Amino acid sequence: MISSDIGYQLRRAGLRVTAPRRSVLEWLGEHPHATVEQVRAGVAQALGSVSTQTVYDVLAACTAAGLVRRIEPAGHPARFERRARGQSPPRGVSCLRAHRRRGDLPHLPGARLGR
């Protein structure tokens, strides 16, 4: 994803374009289904440093704006992915099933897909 495209999406969603927001969205574009700690570690490499609280704040703002989807597997840390325009919720379900087939996640009855 091109950085200027991310800036446009942030502005269109009513969010300010900041280095942490841009970096989180860029990183999630390349690493879907990541936990907060994975996002923090990846973004820290790009920015030099970033706090876990900043990552939580960015993910919360971007989730509320519809730019990020939060996946909440029961009993496991939440995972996040970039939300593509026009993407329907069943795709998230099929992605979760693909992760289970590959062994990335255990079978998680009751896993909730968040916005």
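In what follows, the structure referred to is the one given above.
We now turn to the structure provided with this report.

Criteria and thresholds
- All residue numbers refer to position in the chain's written sequence, counted from 1.
- Where totals are concerned, whole chains, interfaces and linings use all residues; where local detail is concerned, this predicted model gives features only for residues with pLDDT of at least 70, and gives and counts side-chain atom pairs only at 80 or more.
- Calculated side-chain values reflect all of the structure's heavy atoms, with hydrogen atoms and water omitted.
- In DSSP terms, a helix is any run of H or I states spanning at least four residues, a strand is any run of E spanning at least two, and both are numbered starting from the N terminus.
- In this analysis, the expected span of each helix is defined as 1.5 Å times one less than the number of residues it contains.
- Exposed residues in this analysis have more than 50% of their type's maximum accessible area, buried residues have under 20%, and partly exposed residues fall in between, with area computed by a 1.4 Å probe over protein chains only.
- It only takes one pair of heavy atoms within 4.5 Å for two residues to be counted as in contact.
- Side-chain atoms within 4.5 Å link the members of a nonpolar core, which is a set of buried Ala, Val, Leu, Ile, Met, Phe, Trp, Tyr and Cys residues.

1. Looking at helix 3 (residues 36-47)
Here's step 1: Spanning 12 residues, helix 3 covers 16 Å between terminal C-alpha atoms, matching the ideal 16 Å at 1.5 Å per step.
Here's step 2: For helix 3, the set of buried residues is V36, V39, G42, V43 and A44.
Here's step 3: Against the buried residues of helix 3 lie helix 2 (19-30), helix 4 (52-64) and strand 2 (79-82).
Here's step 4: Directly beyond the C-terminal end of helix 3, a positive phi value near 100° is found at G48.

2. Thoughts on the nonpolar core
Inside soluble globular proteins, nonpolar side chains tend to come together where they are buried.
Here's step 1: Grouped together as the largest cluster of nonpolar side chains are 21 residues, with contacts concentrated most on L28, V39, L59 and C62.
Here's step 2: For this core, the secondary-structure elements that each account for two or more residues are helix 1 (3-12), helix 2, helix 3 and helix 4.
Here's step 3: Dropping the residues within four chain positions of it, L59 is found in contact with V24, L28, V36, V68 and F80.

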